[in-house]
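Letter by letter, the chains look like this.
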Amino acid sequence: MTRRLLLSYLSLAALVLLCLEIPLGFVYSRGERERVVNAAKDEAESVSAYAALSLAAGRAERDLPTRVAHCAQRIGGKVVIVDASGVSLATSHPTDPAMSGNLAARPGIAAALRGTSTVDVRTSTIGGVEYLSVAAPVGQEARPVGAVWLTVPTRMVHERVHHVWLLLALGGFAVLTAVTVVGFAFARWAGRPIRQLENATHELAEGGGRFTPVTITKGPPEVRSLAAAFNHTAARFAHLLASQRAFAGEASHQLKTPLAALRLRLENLEPDIAARARGSLTAAITETDRLARMVEHLLAMARLEEHAAIPATVDLGALCTERHRTWQPLFARDDVSLVLFAGSVGPVLAVPGAVEQIMDNLLSNALRASPAGSTVTIELRLHAPSRRALRDSRPRWVDLHVTDEGPGMTEEQRARAFDRFWRAPGAPKGGTGLGLALVQRLAHASGGEATLHAAATGGLDVVIRLPSVRPPVEGPGPGGDRSRRPRREAPALPA
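Residues numbered from 1 in each chain as written. Predicted model: local features only at pLDDT ≥ 70, side-chain atom pairs only at ≥ 80, totals over all residues. Heavy atoms only, no water.

Where do I start with the pairing of strand E9 (residues 375–383) in this structure?
In the case of a regular strand, side chains alternate between the two sheet surfaces. Where strand E7 (residues 337–341) and E9 come together, 5 bridges link them in parallel fashion. Following the sheet pairing, Phe341 is matched in E9 by Glu379. Sheet topology places E9 next to strand E10 (residues 397–403); 7 bridges connect them, and they run antiparallel. Paired with His383 across the strands is Trp397, a residue of E10. (Pairing = 2+ DSSP bridges. Helix = DSSP H or I, 4+ residues; strand = E, 2+ residues; numbered from the N terminus.)

Written out as structure tokens, the structure is:
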């Protein structure tokens with residue numbers, strides 16, 4: 001923020017200086033040019049009047065050389081006087097015969113011999129005078145008897161203009177330096193409270209609700225007001241987060257212990273229950289287990305919402321193999337086959353522990369929904385967008401499919417399946433309505449998504465899409481783009 005404020009101050013100051021100094025420099029250059037031109041014209045007219053009087057009195061050969069030498073010495077330039085035919089009458093500097101014979105051909109002298117005064121000024125890019133010559137007729141303009149030609153040195157004028165431009169540049173640099181010092185101090189003064197608020201925000205985000213109140217007594221009034229509002233909001237947020245954490249911890253102990261005791265008492269009643277009441281006892285134990293699982297899911301979702309974990313690299317293939325090995329005996333007990341197709345998909349990004357929870361929930365739902373003799377399939381597929389160019393920087397994904405052969409869901413039911421506590425009509429007993437909601441939260445926290453599709457076998461195909469760690473492929477290769485459905489490199493593992 002300090003750099004941006006300082007840059008804005010310097011940009012504004014530089015714009016103002018350019019708008020002021022450039023016109024000022026050109027105005028001064030034009031004034032200097034007009035001053036030296038007017039002085040040269042006055043000098044030429046003075047010499048012209050003196051030459052006219054000398055020619056009229058017949059003293060041209062005696063008086064004009066002295067006058068010309070004196071004038072050239074005063075202006076530091078050159079003076080030439082010619083008669084009506086262009087022959088040199090007096091000159092302040094030696095001239096070669098070739099030049100003396102061509103004086104009448106010069107544009108300025110030729111115009112003066114026709115009765116017109118001329119000024120030839122050549123300027124530089126920044127307005128300095130590089131060359132100046134003045135020609136004036138001698139005598140009456142209608143019938144001039146000669147001409148005066150002056151060339152004035154412009155080195156001093158040129159240097160003076162350059163000196164003024166240099167002073168303007170140094171003045172502008174001094175102003176920019178002062179603006180930099182003052183602007184930096186002001187930017188630091190205005191940006192220090194913002195940096196304190198930023199640090200407090202990071203501390204609040206990374207500290208799990210713990211933060212140090214921001215005490216801001218300096219800075220703009222708007223920032224002080226913002227700091228007060230932030231302290232109030234952060235304190236309220238910390239209080240709410242602490243209350244939620246305390247509730248989750250207390251609920252974990254207060255609910256798990258009575259449920260475990262209740263299930264134990266129900267199991268102890270089994271020997272004393274009549275045969276006709278055994279079904280009710282079994283249903284009570286089943287509901288107790290369902291309530292325990294619901295408590296576990298609620299606490300898991302509360303912990304997931306409380307701690308924003310950062311996705312890390314995990315080996316999805318190895319995790320799927322491990323969960324397949326763990327769940328296979330349970331599926332075999334219910335006469336359901338569990339098959340794994342683990343292709344070479346590489347590592348993915350996921351919240352630590354999320355893949356295990358996702359697999360456990362999906363396999364538990366699939367086991368309850370699958371009839372005896374059916375098959376549940378776990379398959380990994382590498383999904384990549386279609387290539388439009390030789391290089392494509394779009395990310396690749398890995399799709400985890402868990403497909404069963406159960407009753408499946410309608411389109412309306414699949415649209416509501418991720419809602420909390422929602423259960424499909426006719427769903428098997430023992431569900432809590434929180435498994436798919438937790439799966440979706442874990443997928444989103446890992447940077448992916450969870451979707452439901454109708455399986456080709458009539459059941460449900462749950463797809464968990466997770467970002468792949470592999471870099472994008474640069475081109476489709478000679479065989480076309482085959483990254484959408486990678487070939488199955490690992491054989492099927494029977495149940």
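For this particular structure, what's the right way to read the side chain of Ser374?
Examined against the element boundaries, Ser374 turns out to sit in the loop between helix H9 (354–369) and E9. Within the structure, Ser374 has its side chain in polar contact with the backbone oxygen of Pro371 (distance 2.6 Å). Discounting residues that sit within four places of it in the chain, Ser374 has contacts with Asp335, Val336, Ser337 and Glu405. (Polar contact = N/O pair within 3.5 Å; in protein donor to acceptor, adjacent residues only side chain to side chain. Contact = heavy atoms within 4.5 Å.)

I keep staring at helix H2 (residues 60–75) and nothing clicks. Help me out?
The terminal C-alpha atoms of H2 lie 21 Å apart, and with 16 residues this matches the ideal 22 Å at 1.5 Å per residue to within 8%. For H2, the complete set of buried residues consists of Ala60, Asp63, Leu64, Val68, Cys71 and Ala72. One face of H2 carries all of its buried residues, which in axial projection span an arc of 155°. Across H2 from its buried face, at more than 90 degrees, point the exposed residues Arg62, Thr66 and Gln73. Buried residues belonging to H2 abut helix H1 (2–57), strand E1 (78–83), strand E2 (88–91) and strand E5 (146–152). With its phi angle positive at about 75°, Gly76 sits one or two positions after the end of H2. (Expected span 1.5 Å × (residues − 1). Buried < 20%, exposed > 50% of the residue type's maximum accessible area, 1.4 Å probe, protein only. Arc of directions from axis to C-beta.)

Please clarify how the sheet that holds E9 should be interpreted in this entry.
Sheets are built from strands paired through backbone hydrogen bonds, the pairs being either parallel or antiparallel. Ordered by their spatial adjacency, 5 strands build an open sheet running E7-E9-E10-E12-E11, and the pairing between neighbours is mixed. The sheet terminates laterally at E7 and strand E11 (449–454), the two strands that pair on one side only. Between one strand axis and the next, the sheet turns through 20° on average, direction left out of account. In this sheet, strand E12 (residues 460–467) lies alongside E10 in antiparallel orientation, the contact comprising 7 bridges. Looking across to E12, one finds that Asp399 is bridged to Arg465. Contacting E7, E9 and E10, helix H8 (residues 316–333) runs over the sheet at an angle of about 170° to E7. Contacts between helix H11 (residues 435–445) and the sheet are confined to E11 and E12, with E11 contributing the most and set at about 130° to the helix. (Axes fitted to C-alpha atoms, helices over the stretch in contact; angles between N-to-C directions.)

What should I look at first to understand a nonpolar patch on the surface in this one?
Taken together, the side chains of Leu12, Val16 and Leu20 define a hydrophobic patch exposed on the protein surface, amounting to about 300 Å² of accessible area. Taking the relative accessible area as the measure of exposure, Leu12 reaches 56% and is therefore exposed. (Patch = residues over 30% accessible without salt bridge, like charges linked within 9 Å, V, L, I, M, F, W, Y side chains within 5 Å. Areas by Shrake-Rupley, 256 points an atom, 1.4 Å probe, with all protein chains shown as cover. Salt bridge = Lys/Arg side-chain N within 4 Å of Asp/Glu carboxyl O.)

Which parts of the structure should I look at to understand the packing of aromatic side chains?
As enumerated under the stated definition, the model contains 3 aromatic pairs in all. Between the aromatic rings of Tyr9 and Phe186, the centroid separation amounts to 5.9 Å while the plane-to-plane angle is 55°, which identifies the pairing as tilted. Note that Tyr9 is positioned in helix H1 and Phe186 in helix H5 (residues 155–206), a separation of 177 residues in sequence. You can call Tyr9 partly exposed: its relative accessible area is 24%. Residue placement shows Arg67 over the ring face of Tyr50; its charged tip is 5.0 Å from the ring centre. (Phe/Tyr/Trp six-rings, centres within 6.5 Å; stacked < 30°, edge-to-face > 60°. Lys NZ or Arg CZ within 6 Å of the ring centre and 35° of its normal.)

Please explain the packing of H9 against H11 as it appears in this structure.
Helix-helix packing is characterised by the crossing angle of the two axes and by the distance between the axes. For the pair H9 and H11, interaxial distance at closest approach is 9 Å and the crossing angle is 150°. Judged by the inter-axis angle, H9 sits roughly antiparallel to H11. Considering only the axes of H9 and H11, their crossing is left-handed. In this structure, H9 uses Ala354, Gln357, Ile358, Asn361, Leu362 and Asn365 to contact H11, whose residues at the interface are Gly435, Leu436, Leu438, Val439, Leu442 and Ala443. (Parallel < 35°, antiparallel > 145°, perpendicular 65-115°, else oblique. Left-handed = near helix turned anticlockwise from the far one by under 90°.)

What exactly am I supposed to notice about the environment of Gln140 here?
As for its placement among the helices and strands, Gln140 is situated in the loop between strand E4 (129–138) and E5. Note: C-alpha distance between Gln140 and Gly115 (25 residues apart in sequence) is 7.5 Å.

What's the story with the pattern of salt bridges in this structure? I'm lost.
Here the idea is simple: oppositely charged side chains can pair when their charged atoms come close. A full pass over the atoms with the stated rule returns 9 salt bridges. For Arg323, the salt bridge goes to Glu322, with nearest N and O atoms at 3.1 Å. According to the relative accessible area criterion, Arg323 is buried, its value standing at 13%. You can call Glu322 partly exposed: its relative accessible area is 30%. Asp419 serves as the salt-bridge partner of Arg416, at 3.6 Å between the closest nitrogen and oxygen.

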